[in-house]
Amino acid sequence: MLSRLALCLFLTSTFLGAESIRFNSPSQLPFLNKDVHRKILEGSEMGGGELRTMGPAPPLKGQPIPQDERDTWRVYSTSNMTKHDCYKVTDGRDNSFWHTRVNSSHVDVLPHSIVVDLREVKMVNALSMRPLPDADIGGAVAGHKVSISTDKNRDWNKKKWKLVAFGTWFGDEKDKFAGFEPQEAQFLRLDIISATNDTEYVRIVGIDVWATDLEDVTTTSSRDQGEWGLTVNFPLVPVGVFIDPIGGKVVSFSSYAHDSFGQGVTDHTTLTATWDPTTEEISERHVRKTHHDMFCPGMAFDVNGRMIISGGETADHVSIYDASKDDWSSVAPMKIPRGYQGSVLNANGDIFIVGGSWGPVGIDFGDRNGEIYNTEKNEWTKFDGIKSEHIQTSEDWEGEYRADNHIWLMTWRNNSLFHPGPAKNMHWIDTSGIGSVTPAGLRGIGDNYTDIHDRMCGVAAMYDAVEGKILSAGGAPSYNAKDGDGNVKDANATTNAFVITLDQPGKNASVEIAGDGGMHFPRSFGHAVILPNGETLIVGGQEQPRVFTEAAPQLTPEIYSPTTNKFTKMTPNTVPRGYHSFALLLRDATVLVGGGGLTIQLDVNHFDAQIFIPPYLFAENGERAKRPVITETSEASVYPGGNFTISTDSAVVSASLVRYGGATHSLNNDQRRMPLTLHEAGMENKYFVQIPADGGVALPGYYMLFVMDAAGVPSEAKNVQILISPEYQH
């Protein structure tokens, strides 16, 4: 014990250096609820399930290192309080804890650091932290970074550390996880940036390190199969997520609670968390003023980059997030309360919505007619000629409750809308007059291919809006493979995938098989993310749709290339991303994949996201490739049919616009990609491009502009806003 104490004190004076501040009043001293304090001192039933629950999902692979090995660890910290030294985080006892130094006259200020030396190199994949049961009153770790090392340099400031996870943990008593893909490490470092209730001191009951076997580690080529990068920890389960097109921040939300939802709950508020990739900071907000629980809504960006969130748990409410003001506001309610609807921006700037029979307790099922929101007039208009029964599925064993959920919608020429699924019958939707729905053929190949079925919770993505190309993949005939009694239904996910090509509105779309018979893996609850080069990443999901479970997760992503018409397996990850997960393209051309769960059931809540780095960001030698840079664009906004110039720091051969997206429940109707033809503009590394003339192809809103060099390496994105075409304006 003395040696451990000596180690703690050694690091306090030599690691980062301890600072102190003077208290102005005794109220700033740490304190405990008396009953909780008594239980800690008595060695209570903490850890037995009465006071502590395992809300977050533990790593799928690996186990916490056993106590007999933990007893040999060395522990170092930047600060310790008498009788609460840093080694207590590894003693396996719930009635002791580490406390940074504090007394009546001063406290060691943030940041604090604690380092665990495993005494040998292991394949590790998570660090977990147990706060005290009164974490909400202060002293629990909030903002943090987790780094690993195999460097045996005794000078901790010179040791080579690799950052593997960072973020903000929610301030409750539940165990917190920082998971990452398995990597070799002997040393793990937790840097504490902020604490709950804005305290300067920190208290931790225990730290566990999770280790896995070598057979759980897949060796792949980054150049061919990509790589999984940093983990971002959120203070909530990110069920709905969108990219702020003004600042590039990732805005996520859960429900009225950070870890669960409740149909019929009267607390009509929403918790949000925003990650800024440029600063790595995560800010929290409890959105109360809109009186809107936004769990399970429709989502669509308008022309100005405002996110319109409709319905969900508070089924008739509509909220708008304006990134330019960083503010939420309420607008006119919908005519029909709904949740799980499809939502999309029209070429004229209006928001169209249809379907959505899921809803809170007391909301009857039934026809969810289409309606449209005029953003200028702040009014909704219902369409008598567009009924959800026109576009609903017919094979789901739960019937109309699920039949009109998560409708795929794509805007197309002449201010038309195309409905490619998830129902097997595709349609054209006309929003003029009272509205109308026209058949557009079946999504499937009949004689030699058997997939003429509904594909609920599959994916669809318009990867080439100029040519009208849509990839659809995966899904199942039913939303859920088990009923309330546990009976298994015929609802297995499929590997089948199709390329749908649009013609003129009103004509049947053509359908071809994508890949060599489809994807490598069957998926429901997966995600499709359009990449700058026209390929589509398919990630996450389950072999069988089982809500709020992690049964049979699909851990190997795949990328579809329209050039080769093949699906290629990517590097697997070790975190299931099933129901209530998401995936979105970031400005740096990586993909953020995260979430899953949001349920009172234990062990399936994922409060994190991982960054997938696609193969195009690696050179032939496996190192990160040098990227072209967009130095200037001549226009920040442009009308359909307009043009602008792009200046770069080096030669490039192709360019594309990828529309910002918002994702929930495997649905992202916002994203689309427009390839751009580069023309020499008379100066070195300066190019002229023209936007497609039809505002239904060049859908209004904000886009990420990418350029690619001869090796296919994309730049980081610059913003371009496409305005509403004059021919479609009201």
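This is a predicted model, so every value here is computed, not measured. (Residues numbered from 1 in each chain as written. Predicted model: local features only at pLDDT ≥ 70, side-chain atom pairs only at ≥ 80, totals over all residues. Heavy atoms only, no water.)

As for the overall build of the protein chain
At step 1: The secondary structure content of the protein chain amounts to six helices and 49 strands.
At step 2: Summarising the internal contacts of the protein chain: among those between residues at least 6 apart in sequence, 66% fall at separations of at least 24.
At step 3: Accessible surface computed for the protein chain: about 26,900 Å², of which carbon and sulfur atoms make up 47%. (Helix = DSSP H or I, 4+ residues; strand = E, 2+ residues; numbered from the N terminus. Contact = heavy atoms within 4.5 Å. Areas by Shrake-Rupley, 256 points an atom, 1.4 Å probe, with all protein chains shown as cover.)

Things to note about the sheet that holds strand β42 (residues 643–648)
At step 1: In space, the four strands of this open sheet follow the order β40-β42-β47-β46, with antiparallel pairing throughout. Since the sheet does not close on itself, it has two edges, and those belong to β40 (630–633) and β46 (679–680), each with one partner.
At step 2: The sheet contact formed by β40 and β42 spans three bridges and is antiparallel. Bridge pairing links Thr 633 to Ile 646 in β42. (Pairing = 2+ DSSP bridges.)

Let's talk about the confidence of the model for the protein chain
At step 1: For the protein chain, the average pLDDT comes to 89, and 89% of its residues sit at 70 or higher.
At step 2: The model gives residues 1–6 a pLDDT under 50, and that stretch makes ten contacts with residues more than four places away or in other chains.
At step 3: pLDDT under 50 marks residues 9–54. Its contacts with residues more than four places away, or in other chains, come to 98 contacts. (pLDDT = per-residue confidence, 0-100.)

Regarding the pattern of salt bridges
At step 1: Following the criterion strictly, the structure yields 23 salt bridges and no others.
At step 2: Among the salt bridges present, the one from Asp 302 reaches Arg 306, with a minimum N-O distance of 2.7 Å.
At step 3: You can call Asp 302 buried: its relative accessible area is 2%.
At step 4: When the shortest N-O distance is used, the salt bridge between Asp 608 and Arg 577 registers 3.0 Å. Note that Asp 608 is positioned in strand β39 (residues 608–613) and Arg 577 in the loop between β36 (566–569) and β37 (581–585), a separation of 31 residues in sequence. (Salt bridge = Lys/Arg side-chain N within 4 Å of Asp/Glu carboxyl O. Buried < 20%, exposed > 50% of the residue type's maximum accessible area, 1.4 Å probe, protein only.)

Considering the packing of aromatic side chains
At step 1: The tally for this structure, following the rule as stated, stands at 21 aromatic pairs.
At step 2: Ring geometry for Phe 242 against Trp 328: centres 6.5 Å apart, planes inclined by 75°, an arrangement best described as edge-to-face. On the criterion of sequence distance, the pair formed by Phe 242 in strand β13 (residues 240–243) and Trp 328 in strand β20 (residues 327–330) is long-range, its members being 86 residues apart.
At step 3: For Phe 242, a relative accessible area of 1% translates into the label buried.
At step 4: Judged by its relative accessible area of 2%, Trp 328 falls in the buried class.
At step 5: Every member of this aromatic cluster is reached through a ring pair, and the members are Phe 261, Phe 295, Tyr 340, Trp 358, Tyr 479, Phe 525, Phe 548 and Tyr 579. (Phe/Tyr/Trp six-rings, centres within 6.5 Å; stacked < 30°, edge-to-face > 60°.)

Details of unusual backbone geometry
At step 1: With omega at 0°, the peptide bond leading from Leu 110 into Pro 111 counts as cis.
At step 2: Among the structural elements, Pro 111 can be located in the loop between β5 (106–108) and β6 (112–130).
At step 3: Cis geometry marks the peptide bond from Gly 421 to Pro 422, where omega comes out at 10°.
At step 4: A positive phi angle, near 60°, is found at Leu 598, a position not held by glycine.
At step 5: Looking at where Leu 598 falls in the secondary structure, it is placed in the loop between β38 (591–595) and β39.

Here's the deal with the pairing of strand β34 (residues 536–539)
Both faces of the sheet carry side chains from a regular strand, because those side chains alternate between them.
At step 1: Residue alternation in β34 divides its side chains into two sets, Thr 536 and Ile 538 and Leu 537 and Val 539, and both sets are buried.
At step 2: Note that strand β33 (residues 527–530) and β34 share four bridges and pair antiparallel. When the bridges of β34 are listed, His 527 appears paired with Val 539.
At step 3: Following β33, the chain reverses through five residues before pairing antiparallel with β34; Gly 534 in that reversal takes a positive phi of roughly 95°.
At step 4: By the bridge criterion, three bridges tie β34 to strand β35 (residues 558–561) in an arrangement that is antiparallel.

Structural notes on the environment of Phe 521
At step 1: One can find Phe 521 in the loop between β32 (510–513) and β33.
At step 2: Taking C-alpha positions, Phe 521 is 9.0 Å from Ala 493, a pair spaced 28 residues apart along the chain.
At step 3: Contact partners of Phe 521, with chain neighbours within four places excluded, come to Thr 494, Thr 495, Gln 554, Thr 556, Glu 558 and Lys 569.

What about the sheet that holds β35?
Two pairing modes exist for strands in a sheet, parallel and antiparallel, and in both the strands are linked by backbone hydrogen bonds.
At step 1: Taken together, the four strands give an open sheet; going across it, the order is β33-β34-β35-β36, and neighbouring strands pair in antiparallel fashion. The open sheet has two free edges, formed respectively by β33 and β36, since each of these has just one partner strand. Taken pair by pair, the neighbouring strands of this sheet meet at an average axis angle of 25°, ignoring direction.
At step 2: As defined by bridge partners, β35 adjoins β36 across four bridges and the pair is classed as antiparallel. Bridge pairing in β36 links Glu 558 to Lys 569. (Axes fitted to C-alpha atoms, helices over the stretch in contact; angles between N-to-C directions.)

Remarks on the side chain of Asn 233
At step 1: On the secondary structure map, Asn 233 appears in strand β12 (residues 227–233).
At step 2: Not counting chain neighbours up to four residues away, the residues in contact with Asn 233 comprise His 144, Ala 165, Phe 166, Gly 167, Thr 168, Trp 169, Phe 177, Ala 178, Ile 282, Phe 607 and Asp 608.

A word on the nonpolar core
At step 1: In terms of nonpolar packing, the biggest core is built from 54 residues, with Phe 242, Trp 275, Leu 537, Leu 585, Val 591 and Leu 592 touching the most fellow members.
At step 2: Judged by nonpolar contacts, the second largest core, of 51 residues, contains Ala 440, Leu 667, Leu 676 and Val 697. (Core = buried A, V, L, I, M, F, W, Y, C linked by side-chain atoms within 4.5 Å.)

Here we look at the pairing of β20
At step 1: Strand direction decides the pairing type here: strand β19 (residues 318–322) and β20, joined by four bridges, are antiparallel. Paired with Asp 322 across the strands is Asp 327, a residue of β20.
At step 2: Here β19 folds back onto β20, and the loop between the two strands holds four residues, one of which, Asp 326, carries a positive phi near 50°.

Details of the environment of His 291
At step 1: Note on placement: His 291 falls in the loop between β16 (281–287) and β17 (298–301).
At step 2: Classification of His 291 by relative accessible area gives exposed; the value is 52%.
At step 3: Not counting chain neighbours up to four residues away, the residues in contact with His 291 comprise His 268, Thr 314 and His 317.

Let's talk about the side chain of Ser 647
At step 1: In this fold, Ser 647 is placed in strand β42.
At step 2: Looking at Ser 647, the relative accessible area reads 13%, which means it is buried.
At step 3: Ser 647 has contacts with Val 629, Ile 630, Thr 631, Glu 632, Asn 685 and Lys 686, leaving out every residue within four places of it along the chain.

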